[in-house]
Amino acid sequence: MKRLAIIGLATFILLFYFPAAAGATTRILVIPGHEPTSGGASFRDTHERDLALELSILIADELIHDGKFDAIISRDASLWLPELADHFVARKEDILSFKRRHQFWERFLYIIGLRPKGDRGDAHTEVSDETAIHLYGTNLWANENDIDLVLSVHFNDDFRKADQPGRSRGFTVFIPGDGLHNASTSLAIGRSLYAELKKVIPVTISDKVREGIFPSNSLIALGAYNTLDASSVLVEYGFVYEPQFQSERSRAYAFEVMAKATVAGILEHYSKYNEKR
C-alpha cells in the first residue's frame, strides 16, 4: 500500500502539474474502480481498488508517452483528483439535480416506448446520495471538461468461499447499450480494446457475454440515463483472486502486458477514426 501511495503521488504530479504533450488532441479520463479507500472485491490481502489503481497508472503513463493523448486519472490510493474533489463539494446540489433530471426523462421515454425494452437501467443505478455524487458527478465533470473517452478499470469476482479462489478467469469489456447516445462510438472502441486484449489474456466465458463485449444501460460509469457525452468503456481485466495478481512481481508483469494491449487498442481505434476525418 505504501508503494502504491508513492506511485500514485508521483503520477498525480506527472499528470496534473505538467502540461499535456504538444499536439495531444484526445482527452482520456482513466477511472480506477471504486472509492480511493473503500469498496470493490477482495481476496485475502488483494483488493480490487488497489489493482485498478496500479493498472490505471500504467495505462495513463503509456498514453502520455505516446504523445497523442492527454490522460487524467480520477484518484490515487487515498484521494480523488483535486479538481474532482472540489467539484463533488461545490456542485453537490447540481450533481443530484443532474442525476434526477436524467433519470426522470429516460424513465419517461422508456415508458412511452422510445427506449429499448429490457435493460432499463435501474439495476445498478439506485445508489446512495454520496455514491451518486461521485459517480454522476464524475460524468458531469467529464461533460464539462471536454473528455473524449472514459476508461473505467475494474476486476471481477466469482461466487466462492471467502478465502478460496473461484473458477472463473479472464476479461470482459462493457460498453453502453443501444439506449445510450454514446453507444455507437463506444462500441467501436470496445471492439478495438477487445481485439488487442484477447491476444494476451483469456476472455471470460458467459451466456450473457457476446464475443467478450457486454452492452449495458445500467452502469453509471458508462453513462446510465444518458448522463455521459464521451465514449465510455469499462473493462474487467480479470478476477481478483487470479494467481498473477497475488504477488508484486507477477502483477507487475501482467499489468505491463495489459496496459500495452489497452493502449494498442485505443491507438488502433483513434488511428482509424482520424483517417476517416
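Just so you know, the residues in each chain are numbered from 1, in the order the chain's sequence is written. Selection of residues for local features in this predicted model requires a pLDDT of at least 70, selection of side-chain atom pairs for listing and counting requires 80 or more, and totals for whole chains, interfaces and linings are taken over all residues. Each side-chain value is derived from all of the structure's non-hydrogen atoms; neither hydrogens nor water enter the calculation.

(A) A look at the layout of surface pockets. Its volume calculated, the largest pocket comes out at about 800 Å³. For cavity detection a 1 Å grid was placed over the protein atoms alone, and a set of points counts as a cavity when a 1.4 Å probe fits there but cannot get out; an open set counts as a pocket when protein lies on both sides within 12 Å along at least five of seven lines, with lining residues being those that have an atom within 4 Å of a point. Taken together, 32 residues line the largest pocket, and the ones lying closest to its centre are His-34, Leu-135, His-154, Leu-219 and Leu-234. Each helix is a run of H or I in the DSSP string that is no shorter than four residues. Each strand is a run of E no shorter than two, and both are numbered from the N terminus. At the level of secondary structure, the elements contributing two or more residues to the lining of the largest pocket comprise strand S1 (26–32), helix H5 (129–144), strand S5 (149–156), strand S7 (213–216) and strand S8 (231–239). Three classes are used, and their members are as follows: Ala, Val, Leu, Ile, Met, Phe, Trp, Tyr, Cys and Pro are nonpolar, Asp, Glu, Lys and Arg are charged, and the others, Gly among them, are polar. Of the residues assigned to the lining of the largest pocket, the class counts are 12 nonpolar, 16 polar and four charged. Grid points are joined across faces, edges and corners, and a volume is the space filled by probe spheres set on the points.

(B) Seen up close, the packing of aromatic side chains. Any two rings among Phe, Tyr and Trp, with Trp reduced to its six-membered ring, count as a pair given centres within 6.5 Å; such a pair is stacked if its planes are under 30 degrees apart, edge-to-face if over 60, and tilted if neither. Inspection of every chain in the model, using the stated rule, returns 11 aromatic pairs. Look at Phe-155 and Tyr-237: their rings are 6.3 Å apart centre to centre, the planes differ by 40°, and that puts the pair in the tilted class. Of this pair, Phe-155 sits in strand S5 while Tyr-237 sits in strand S8, and the two are 82 residues apart along the sequence. By relative accessible area, which is 2% here, Tyr-237 ends up buried. On the numbers, 5.2 Å between centres and 80° between planes, the contact of Phe-155 with Phe-245 is edge-to-face. Residue Phe-155 is found in strand S5, and its partner Phe-245 is found in the loop between S8 and helix H7 (248–276); the two are separated by 90 residues along the sequence. Per residue, the accessibility class of Phe-155 equals that of Phe-245, and both read buried. A connected cluster of aromatic rings, assembled from ring pairs, spans Phe-155, Tyr-237, Phe-245 and Phe-255. The buried label goes to any residue with under 20% of its type's maximum accessible area, the exposed label to any with over 50%, and the partly exposed label to all in between, with areas taken from a 1.4 Å probe on protein chains only.

(C) Representation of helix H4 (residues 92–111). Helix length check: H4 (20 residues) gives 29 Å between terminal C-alpha atoms against 28 Å at 1.5 Å per residue, within 8%. For H4, the set of buried residues is Ile-95, Leu-96, Phe-98, Lys-99, His-102, Gln-103, Glu-106, Leu-109 and Tyr-110. By definition, residues are in contact when any of their heavy atoms lie within 4.5 Å. Contacts made by the buried residues of H4 are with helix H3 (82–90) and H5. One fewer than the residue count of a helix, multiplied by 1.5 Å, yields its expected span.

(D) Main features of the confidence of the model for the chain. pLDDT expresses, on a scale from 0 to 100, how confident the predictor is about each individual residue. Across the chain, the average pLDDT comes to 88, with 83% of residues at 70 or higher. No element of the chain has a lower mean pLDDT than helix H1 (residues 2–16), which averages 52, and none a higher one than H3, which averages 98. Low pLDDT, under 50, characterises residues 16–22; the stretch is placed with 10 contacts to residues that sit more than four places away or in other chains.

(E) Summary view of the environment of Pro-32. Looking at the element boundaries, Pro-32 is found in strand S1. Each C-alpha atom of the pair Pro-32 and Arg-49 lies 6.8 Å from the other, and the pair is 17 residues apart in sequence. If we ignore the near neighbours within four places in the chain, the residues touching Pro-32 are Ala-52, Leu-53, Ser-56, Ile-73, Ser-74, Arg-75 and Val-153.

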